[in-house]
Amino acid sequence: MWLGCSAYFIRLAGCDVGCPWCDTKESWHQRHPSHSVTQLAAAAQAEQPKFVVVTGGEPLMHDLAPLTQALKRQGLRIHLETSGAYPLSGSFDWVTLSPKRSKPPHPSLYGQASELKVVIANPEDFDWATAQAAQVPPGTVKLLQPEWNTPDSQAWIVDYVKHHPDWRVSLQTHKFLGVR
Ligand code: SF4
């Protein structure tokens, strides 16, 4: 939904969701450098982004209240990108719920979703997407994203959206552009 905006990413360590196509497997373990929430918030503020994205790994494996409080003290807008596998903590201006079949969302997450983003890696994932969409509030933006290493998924999604116009196509543009 926020494609092309200046975003500062805070990637938190740890994930036990286990998506087979995960492109951030290095985030699964906890052996990464530690930083205080004050350090993280100051580093984000120094970049003057449009907003900060808190993601992972699976960020909700952590209590996000101290981090979001520190970011708010810096006057920053805060987005969350999560599989929803754990209950919500912290306070956010936007929540991207990207549910994964290997570990479905905690029921409390559905009502918090600003947008629903479902990765499509095989044709059966459209049924999964439909079931997930039935649980988010009306008006939630609904996005389908091709799995990067499944080229056929692009055509599947384009065809699906043509027949289901309440869904939108979501592309990992940073990969097309080579931006890390
Ligand atoms: Fe990777 Fe995200 Fe799936 Fe965790 S939830 S395995 S970080 S894609």
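Owing to the predicted nature of the structure, the values given are computational and were not obtained by experimental measurement.

Enquirer: Please clarify how a nonpolar patch on the surface should be interpreted in this entry.
Expert: Taken together, the side chains of Trp148, Val158, Val169, Leu171, Phe176, Leu177 and Val179 make up a nonpolar region of the molecular surface, amounting to roughly 660 Å² of accessible area. Mapping Val158 onto the fold places it in helix H4 (residues 152–163).

Enquirer: Would you take a moment to explain the nonpolar core for this structure?
Expert: The nonpolar side chains of soluble globular proteins are, as a tendency, buried together. Within the largest apolar cluster, 33 residues are counted, with the highest numbers of intra-cluster contacts made by Val54, Leu71, Val118, Leu144 and Trp167. The set of elements that each furnish at least two residues to this core consists of helix H1 (37–46), strand S2 (51–55), helix H2 (65–73), strand S3 (78–82), strand S4 (94–97), strand S5 (115–120), helix H3 (125–133) and H4. With four residues, H3 is the largest single contributor of residues to this core. When sequence neighbours within four positions are dropped, the list of residues in contact with Leu71 reads Ile10, Ala41, Ala44, Val52, Val54, Leu76 and Ile78.

Enquirer: Any chance you could explain the site of the ligand here in plain terms?
Expert: Surrounding the ligand, one finds Cys15, Val17, Gly18, Cys19, Trp21, Cys22, Ser27, Trp28 and Gly57. Per-class residue counts for the shell around the ligand are six nonpolar, three polar and no charged.

Enquirer: Would you mind showing me how to read the packing of H1 against H2 here?
Expert: Angle between the axes and distance between the axes are the two parameters that describe a pair of packed helices. Between H1 and H2, the shortest axis-to-axis distance is 9 Å and the interhelical angle comes to 40°. Relative to H2, the element H1 is oriented oblique. In this structure, the crossing between H1 and H2 has a hand that is right-handed. Across the interface between the two elements, Val37, Leu40, Ala41 and Ala44 from H1 touch Pro66, Leu67, Ala70 and Leu71 from H2. For the contact of H1 with H2, the residue count by class is eight nonpolar, no polar and no charged.

Enquirer: What am I meant to see in the layout of surface pockets here?
Expert: One water molecule sets the probe size; rolling that probe over the atoms shows where empty space is left. Of the voids in this model, the second largest pocket is the one considered here, and its volume is about 580 Å³. Lining the second largest pocket are 22 residues, with Arg11, Leu12, Ala13, Pro33 and His35 positioned closest to its centre. Counting only elements with at least two residues in the lining of the second largest pocket, the list comes to strand S1 (7–11), H1 and H2. Residues belonging to the lining of the second largest pocket are distributed by class as follows: twelve nonpolar, seven polar and three charged.

Enquirer: Can you walk me through the pairing of strand S6 (residues 141–146) in this structure?
Expert: Regular strands have side chains that alternate between both faces of the sheet. With six of its six residues buried, S6 lies for the most part within the structure. Residues Val141, Leu143 and Gln145 of S6 are buried on one face, and the alternating residues Lys142, Leu144 and Pro146, pointing to the opposite face, are buried as well. Two strands pair when backbone bridges link them, and S5 and S6 are joined in this way by six bridges, in the parallel orientation. Note that in S6 the partner of Val118 across the bridge is Leu144.

Conventions used here
- Residues numbered from 1 in each chain as written.
- Predicted model: local features only at pLDDT ≥ 70, side-chain atom pairs only at ≥ 80, totals over all residues.
- Heavy atoms only, no water.
- Patch = residues over 30% accessible without salt bridge, like charges linked within 9 Å, V, L, I, M, F, W, Y side chains within 5 Å.
- Areas by Shrake-Rupley, 256 points an atom, 1.4 Å probe, with all protein chains shown as cover.
- Salt bridge = Lys/Arg side-chain N within 4 Å of Asp/Glu carboxyl O.
- Helix = DSSP H or I, 4+ residues; strand = E, 2+ residues; numbered from the N terminus.
- Core = buried A, V, L, I, M, F, W, Y, C linked by side-chain atoms within 4.5 Å.
- Buried < 20%, exposed > 50% of the residue type's maximum accessible area, 1.4 Å probe, protein only.
- Contact = heavy atoms within 4.5 Å.
- Near = heavy atom within 4 Å.
- Nonpolar A, V, L, I, M, F, W, Y, C, P; charged D, E, K, R; others polar.
- Axes fitted to C-alpha atoms, helices over the stretch in contact; angles between N-to-C directions.
- Parallel < 35°, antiparallel > 145°, perpendicular 65-115°, else oblique.
- Left-handed = near helix turned anticlockwise from the far one by under 90°.
- 1 Å grid on protein atoms, 1.4 Å probe; cavity = no way out; pocket = protein on both sides within 12 Å on 5 of 7 lines; lining within 4 Å.
- Points joined across faces, edges and corners; volume = space filled by probe spheres on them.
- Pairing = 2+ DSSP bridges.

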